[in-house]
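Examination of the molecular architecture
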Amino acid sequence: MKMDTIQAGVMGAETGATHPPIPSSANDIFATVHLQDRCFERKISPFELNAAIKYGTRTEGEPRNGMRCWKFNYKGITYLTSYDMDYGITAYPDLCFGFDLEKVTITQKMKDAHDEATRRSSDHHSWNSHVVVVVDQSGSMRNTDATKSITRSDLVWLTLALDYIGKRLRTGEATSKDFLSLVELGGDQEYLLRYQPIDWILYNRIVDLLRGHHPCGGGNYLPAIEKAQNLLSYNRSGKCALQLIFLTDGAPSDFSGNQERSKYESCNRIASLACRFGSRLTVGGFCVGKGKFSTLEEMVKTAEEYNCKGFLMKASLRVEDVSSAFCQMSTLITDTKTTMTDFKTNSQRTYRDLIREPKSAIRVYIEAEKEWKMYSNFLPRNANVVRTLFDRKGYEWVYPERTFESDRAVGIAVRDYIFGEGRERAVRRVREVNSKGQFVGRPLVGKETLFQEDLDPHDVRAFHKNFCKLQQLAEKYAVFFNRKLLSLPGIDCSKVPTIHFLDCWVMMFDTENNKRGAILVEKMLDHEKYTKWNTNGGYVRTGTTYPSSATSFSAQNGDYHFTLEDIPQAYSHFTYNASGRRFLVCDLQGVLDTKKHRPVFELTDPAIHYRERTDRRIDFGRTDLGEQGIEQFFRTHECSDLCRMVCRQWIDGEEDDILQYESIHEGPSMKSEEEEEEGKEKTTKRVKFAL
């Protein structure tokens, strides 16, 4: 007998309210004796047709291809036969046959909270996230080849309820400020659910779909994608994290026999979404079984071209694999929400309304394209373009004699579209232009904030100040590191790559609406070779080879050995020791340029984790995770021979290798050059590096 509800009993993570003691995962469902007894029966056998006709319950089925038919139900399996009952048409198990997922008891308090969340949903700025799930309900989802012979459809609904909704509610990862919509892929292409707050009432509605929604029809992608577009575009607030998930077991059937056309049309629709939302949107596919998923793969790759987070998970029909995939999907939307959160106010920041272009398009430069805005110091319109540099020692902006890199330049061209996104900044193309509006000089990039809250109408350079200061400090320690690296015994200085952080400056100009604008500018790196060697969250890249250069280095006497991958990691470790264990430079990203006379890691956008030792806090931005970030780095970092070599004191002949570093405790950025000279003896120390 089915139990429709279960009583609440587990304390909730969000409000202290009780949550129902549901199974912790879909995998727990299949440990029951109830299903074990039905397992063999669920293997549909055509030899049971005669028994179904003889002993089963008969009703008239819906006409198939204009022909009348009979429907027999026997031992939890439905058989369709011709009206003369002389041959069988198809057979499929009843929904939830052999197991049941119990619904939870909805208390008055839960109803009131749900009604309040529904009323509040009209305020789009109150949404934390919106997830649109496109669920395949084509005929193949009735196949009984999943765990314990349940249908593929049952497996999807079961894990969606328990592992994506129930588990997130119990842990507090999802609240009534998070919303979910469901679209059917197959059948009538219905909106199954629209803009539902994630709560236990939604959980029960998923259980209802598990119990009563029948897979049928073909799996047409295009109508489902169109509905998903409408759902995701409903909330125009930049504060809402977005996720689009496709759950399917095979290829689309929009254009029968023409998969390439289906792929092209599907990718075009995904591109129209991705160019609007960028990194705020996660697009993913969850592939069940061994179907053809090339269209879904291309859809995910298209989304990634516009800086969306993409994932494609190919899982077996084992319930533990599907449960794990749903958990990973939960992690991705949580990561997006975390990235958007301002930890000072504990509220999600607002993405600016920026349009993206695909990364594959950035090598094409055409001056005549209308997507370039020109800011020139040449008549008829003087935009008053000025180049400024941040002086970290004097803690002020300075104006160099040269405004432009090229002698022929009189202005800059800024691309309307962005092509890259980090955790805080958007990146767009920039070029210097001559008096005729033609591009001159090398390709450049311009960086600006992703978030509305960082725009300061009173000081357009304020956002860029911290990044300039941070990158200059990272370069200062790179100079110290390179000195140690190239002084190692037996090192061939012409082959070992050094560390270098790009020079950056801020270009200011008058915009079309007569306001002052500013953008941080630096050299463009090759995006196809762009690499992250580590992050501010503890990730460390290892094991990659570089075919165009030497990949390992050794002393002539064989005392030590290290690889290319060890150099950026050793630099991060070195900064921690060289700063007196006050901070660590990480999030190392850029390109390895092997075409120069001496190979070099050209890096940009580093992060600094600062260990707070006093009440005075040094601000290195939102990527500064403090002591926690330092601990995360060393939790995954494995010291190489190079680490041990550069993080100790070397004596070369009669001269000690003395490392001078700034006393971060004293706030070096706030000191003038005169004050630094007066306190030189205090800020110059002989560093005793540990082995």
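From a predicted model like this one, the values you see are computed outputs, not experimental measurements.

The next subject is the overall build of the chain. Scanning the chain from terminus to terminus reveals 15 helices and 34 strands. The proportion of buried residues among the 691 residues of the chain is 53%. A separation of at least 24 residues holds for 70% of the contacts in the chain among residues at least 6 apart in sequence. A total of about 31900 Å² of accessible surface is found on the chain, and carbon and sulfur atoms cover 48% of it.

With that settled, the discussion passes to the nonpolar core. One finds Tyr 164, Leu 182, Tyr 203, Ile 206 and Phe 286 to be the most contacted residues of the largest nonpolar core, which totals 55 residues. By residue number, the principal contributor to this core is helix H4 (residues 152-171), which donates ten residues. Membership of the second largest hydrophobic core comes to 37 residues, among which are Ala 474, Leu 485, Tyr 560 and Phe 574.

Once that is clear, we can look at the pairing of strand E32 (residues 607-610). Two faces, one strand: in a regular strand the side chains alternate between the faces of the sheet. Burial of the side chains of E32 extends over both faces: Ala 607 and His 609 are buried on one face and Ile 608 and Tyr 610 on the other. Two strands pair when backbone bridges link them, and strand E29 (residues 583-586) and E32 are joined in this way by four bridges, in the antiparallel orientation. Each residue of the ladder has a partner; that of Phe 583, found in E32, is Tyr 610.

It is a probe the size of a water molecule, rolled over the atoms, that shows where empty space is left. Taken as a whole, the largest pocket spans an internal volume of roughly 1600 Å³. Glu 421, Gly 422, Arg 423, Lys 532 and Gln 589 are the residues nearest the centre of the largest pocket, which is lined by 50 residues in total. Of all the elements in the fold, those that place two or more residues in the lining of the largest pocket are helix H8 (294-305), helix H9 (319-340), strand E20 (411-421), strand E21 (425-433), strand E22 (439-449), helix H10 (462-486), strand E25 (516-523) and helix H12 (626-636). Residues that form the lining of the largest pocket fall into these classes: 15 nonpolar, 17 polar and 18 charged.

With that settled, consider the sheet that holds strand E30 (residues 589-593). Strands in a sheet are paired, the pairing made by backbone hydrogen bonds, and the direction either parallel or antiparallel. Sheet architecture is open: four strands sit in the order E23-E31-E30-E26, paired in mixed fashion. Edge strands, defined here as strands with exactly one partner in the open sheet, are strand E23 (498-501) and strand E26 (531-532). Alignment of E26 against E30, held across two bridges, turns out to be antiparallel. The partner of Lys 532 across the bridge, within E30, is Gln 589.

Once that is clear, we can look at the environment of Gly 278. Tracing the chain through its elements places Gly 278 in the loop between helix H7 (259-277) and strand E13 (281-288). A residue is classified by how much of its surface remains accessible, and Gly 278, at 0% relative accessible area, is buried. On a C-alpha basis, the gap between Gly 278 and Gly 420 in space is 8.9 Å, while along the polypeptide they are 142 residues apart. Setting aside chain neighbours within four positions, we find Gly 278 in contact with Tyr 306, Asn 307, Cys 308, Arg 356 and Glu 421.

With that settled, consider the pattern of salt bridges. All chains considered together, the criterion is met by 33 salt bridges. Two residues, Arg 363 and Asp 526, come together in a salt bridge whose shortest N-O distance is 2.8 Å. Highlighted residues: Arg 363 in the loop between strand E16 (347-348) and strand E17 (372-376) and Asp 526 in the loop between E25 and E26, separated in sequence by 163 residues. The partner of Asp 416 in a salt bridge is Lys 373, and the shortest N-O contact between them spans 2.9 Å. Placement of the pair is Asp 416 in strand E20 and Lys 373 in strand E17, with a sequence separation of 43 residues.

So, about the packing of aromatic side chains. Counting across every chain of the model gives 27 aromatic pairs. An angle of 10 degrees between the planes, with centres 4.9 Å apart, marks the rings of Trp 70 and Tyr 83 as stacked. Of the two residues, Trp 70 sits in strand E5 (residues 67-74) while Tyr 83 sits in the loop between strand E6 (77-82) and strand E7 (88-93), which places them 13 residues apart along the sequence. Taking relative accessible area as the criterion, Trp 70 reaches 13% and is therefore assigned buried.

Comment: phi is negative for the bulk of residues other than glycine, and the bulk of peptide bonds are trans. Residues other than glycine seldom take positive phi values, yet Asn 307 does so here, at roughly 75 degrees. Structurally, Asn 307 is set in the loop between H8 and strand E14 (309-315). Residues other than glycine seldom take positive phi values, yet Asn 384 does so here, at roughly 55 degrees. Following the sequence through the fold, Asn 384 ends up in the loop between E17 and strand E18 (386-391).

Cut-offs and rules
- Residues numbered from 1 in each chain as written.
- Predicted model: local features only at pLDDT ≥ 70, side-chain atom pairs only at ≥ 80, totals over all residues.
- Heavy atoms only, no water.
- Helix = DSSP H or I, 4+ residues; strand = E, 2+ residues; numbered from the N terminus.
- Buried < 20%, exposed > 50% of the residue type's maximum accessible area, 1.4 Å probe, protein only.
- Contact = heavy atoms within 4.5 Å.
- Areas by Shrake-Rupley, 256 points an atom, 1.4 Å probe, with all protein chains shown as cover.
- Core = buried A, V, L, I, M, F, W, Y, C linked by side-chain atoms within 4.5 Å.
- Pairing = 2+ DSSP bridges.
- 1 Å grid on protein atoms, 1.4 Å probe; cavity = no way out; pocket = protein on both sides within 12 Å on 5 of 7 lines; lining within 4 Å.
- Points joined across faces, edges and corners; volume = space filled by probe spheres on them.
- Nonpolar A, V, L, I, M, F, W, Y, C, P; charged D, E, K, R; others polar.
- Salt bridge = Lys/Arg side-chain N within 4 Å of Asp/Glu carboxyl O.
- Phe/Tyr/Trp six-rings, centres within 6.5 Å; stacked < 30°, edge-to-face > 60°.

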